[in-house]
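Observations on chain architecture
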Amino acid sequence: MKDFLNVLGKVFLDTDFLNFKKISIHEHYRSGGNIESFIWAMRILNIEKAVFLPTDWPPYNPIFKNHLYRLFDFKKKFGERIIIFTTCYSGDTTAAEFIEETIKNGAQGIKFIDWFYSEKTKNFIADINSENMYKVYEVANKYQVPVLLHIDFHKNNKFLNQFEEIAKKFSTVNFILAHYASCILDEKVSLSLCEYLLSKYSNVFIDISSGYGIKKYMTIVEFNKDMFRNFLIKFQDKILWAADIVIDDDPQKNFLWFVKRIILDLSILQKEYYQDILFASKEYYEGLALPVDVLKKIYYNNAKAILKL
Ligand SMILES: [Zn+2]
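The sections below set out a description of the structure shown in this document. Counting restarts for each chain: residues are numbered from 1 in the order of the written sequence. Thresholds applied to this predicted model are a pLDDT of at least 70 for local features of residues and 80 or more for the giving and counting of side-chain atom pairs; totals over whole chains, interfaces and linings are not thresholded and use all residues.

1. Let's talk about the environment of Gly 106
With respect to the secondary-structure elements, Gly 106 resides in the loop between α4 (95-104) and β4 (109-115). Residue class for Gly 106 comes out partly exposed when judged on the 14 C-beta atoms lying within 10 Å of it. Between the C-alpha atoms of Gly 106 and Phe 72, which are 34 residues apart in sequence, the distance is 8.0 Å. Look past the residues within four positions of Gly 106 in its chain and what remains in contact with it is Phe 72, Lys 75 and Ile 84. The numbering of helices and of strands both runs from the N terminus, where a helix is a DSSP run of H or I of at least 4 residues and a strand a run of E of at least 2. Labels follow a simple rule on C-beta atoms placed from the backbone: if 20 or more others lie within 10 Å of a residue's own, it is buried; if 12 or fewer, it is exposed; otherwise it is partly exposed. Any pair of residues counts as being in contact when their C-beta atoms, constructed from backbone geometry, are within 7 Å of one another.

2. Quick look at the sheet that holds strand β3 (residues 82-86)
Ordered in space as β8-β7-β6-β5-β4-β3-β2-β1-β9, the nine strands form an open sheet in which the pairing is parallel. Each end of this open sheet is capped by a strand with a single partner; those strands are β8 (239-240) and β9 (246-247). Paired strands, as defined in this entry, are two strands with at least two bridges between them according to DSSP. Where strand β2 (residues 47-53) meets β3, three bridges bridge the pair, whose relative direction is parallel. Bridging from a neighbouring strand, Ala 50 pairs with Ile 82 of β3.

3. Some words on α4
Those residues of α4 that fall on the buried side of the exposure criterion are Ala 95, Ala 96, Ile 99, Thr 102 and Ile 103. Down the axis of α4, the buried set is contained in an arc of 135 degrees. They therefore lie on one face. Contacts from the buried residues of α4 go to α3 (64-78), β3, β4 and α5 (131-143). Looking at the residues trailing α4, positive phi occurs at Gly 106, about 125 degrees. The arc refers to the directions leading from the helix axis to the C-beta atoms.

4. Description of the pairing of strand β5 (residues 147-151)
Judged by how many residues are buried, β5 sits mostly within the fold: five of five residues are covered. A two-sided burial pattern is seen for β5, the buried positions comprising Val 147, Leu 149 and Ile 151 on one face and Leu 148 and His 150 on the other. Examined bridge by bridge, β4 and β5 share four bridges and lie parallel to one another. Note on β5: the bridge partner recorded for Phe 112 is Leu 149. Seen with its strands pointing away from the viewer, a crossover is right-handed if its path from the first strand over the helix to the second goes clockwise. The handedness of the β4 to β5 crossover, carried by α5, is right-handed. Pairing geometry for β5 and strand β6 (residues 175-177), over three bridges, is parallel. In the strand pairing of β6, Leu 148 is matched with Ile 176.

Here's what the structure looks like:
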């Protein structure tokens, strides 16, 4: 109860979190997850809409259809608050047909998660510029929906060449690269690849979600504050906000957990100093305290434009 009052106090007394309308571009739903509680957290925190991804475990995305069909049920109940991105396994030769059918049924974007590179997963990894994927991008172009890709560029150079090929070839499709294009949570923190891609291609965007890596992200941001702040201000028209929460059957993920997790995310961007409300540490971290106009774009305007809302 004390925790509950603390958290609600944080939300309603510290109106910084409520002042900005938000659209999240990247949250996950897996069947069995408590989406109702997440929707309540959205209502409380002024998150107007969220993109829910039905992707399953990478790299080959095994039971995404279960998650996707549940999301279509939820959309009937919660309407416009839920935005569904459809998915498939990139190595599936019928991927484009499935993607097209689900867009016709109401999906508003596409997500692929199949490029997690490691020795163990390498046999599952299809090329980004394969014949299958070309057909998928053609569908994206036909319906003018964005394509969200999670790619570890730094694990294998060929992905960067392949991605640049498709970004050029499908210049009228908007591509969103997840998690700062996977540039920051590795050994070396650098935004130079993000800068390169965002400067060169008008149809390339990034989301700044950190998901399970949030604890590490907080420290990385603190130690590289100017680098992040300058980057986000410079590319304010090409950055999209999301928390990358996986709504699954983990019992700790209840309403309060969602609210705390999202507040922590917002604190990094909005506060000069903040405490870690999720892991309840007393320590203060340095945040980015981004300008209001930049926050408005990152939280809302950019997503609204890219989703054509
Ligand atoms: Zn994710």
